[in-house]
Amino acid sequence: MKYDSQALSRLADKLLGSKDKFEKLKEIGNRNNYPLKVQKLKERLTEELKFWMAKGPSNRLADIEKDIKYISSIQNKNNFTQEEKLKINELTKKHPIQL
């Protein structure tokens, strides 16, 4: 059985394009999903903490520990104040996460 390679290529391109659009839409929808941001930040900071602990004491390690302490204090909240939202947004810029 022979297939038209151009047709298959167009189909694959269309599927990939649809997936990219879906991912962008999902990202837009999660921009204001602060419980998800907090969860992702906690995971990211935990990974960074392990890395910096292996390197030894440093200012960066102390900074990460401080950020983890803050994130842990607000982790179980569903409603965030404007100040908390600003702090979470600052932390997502400081420690980039994939939403």
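For the structure, see preceding data.
Parameters at a glance
Residues numbered from 1 in each chain as written. Predicted model: local features only at pLDDT ≥ 70, side-chain atom pairs only at ≥ 80, totals over all residues. Heavy atoms only, no water. Phe/Tyr/Trp six-rings, centres within 6.5 Å; stacked < 30°, edge-to-face > 60°. Helix = DSSP H or I, 4+ residues; strand = E, 2+ residues; numbered from the N terminus. Buried < 20%, exposed > 50% of the residue type's maximum accessible area, 1.4 Å probe, protein only. Lys NZ or Arg CZ within 6 Å of the ring centre and 35° of its normal.

A.B. asks: Which residues make up the packing of aromatic side chains, and what are the values?
C.D. replies: By convention here, two paired aromatic rings are described through the distance between centres and the angle between planes. The final tally for this structure, using the stated rule, is two aromatic pairs. With centroids separated by 6.2 Å and ring planes inclined at 55°, the aromatic side chains of Tyr34 and Phe80 adopt a geometry described as tilted. Residue Tyr34 is found in helix α2 (residues 34-55), and its partner Phe80 is found in the loop between α3 (59-74) and α4 (82-94); the two are separated by 46 residues along the sequence. With a relative accessible area of 11%, Phe80 lands in the buried category. Consider the rings of Phe51 and Trp52, whose centres lie 5.4 Å apart with planes at 85°: the pair is edge-to-face. Here Phe51 falls in the partly exposed class, since its relative accessible area comes to 47%. One residue, Lys87, lies across the ring of Tyr70, its end atom 5.7 Å from the ring centre.

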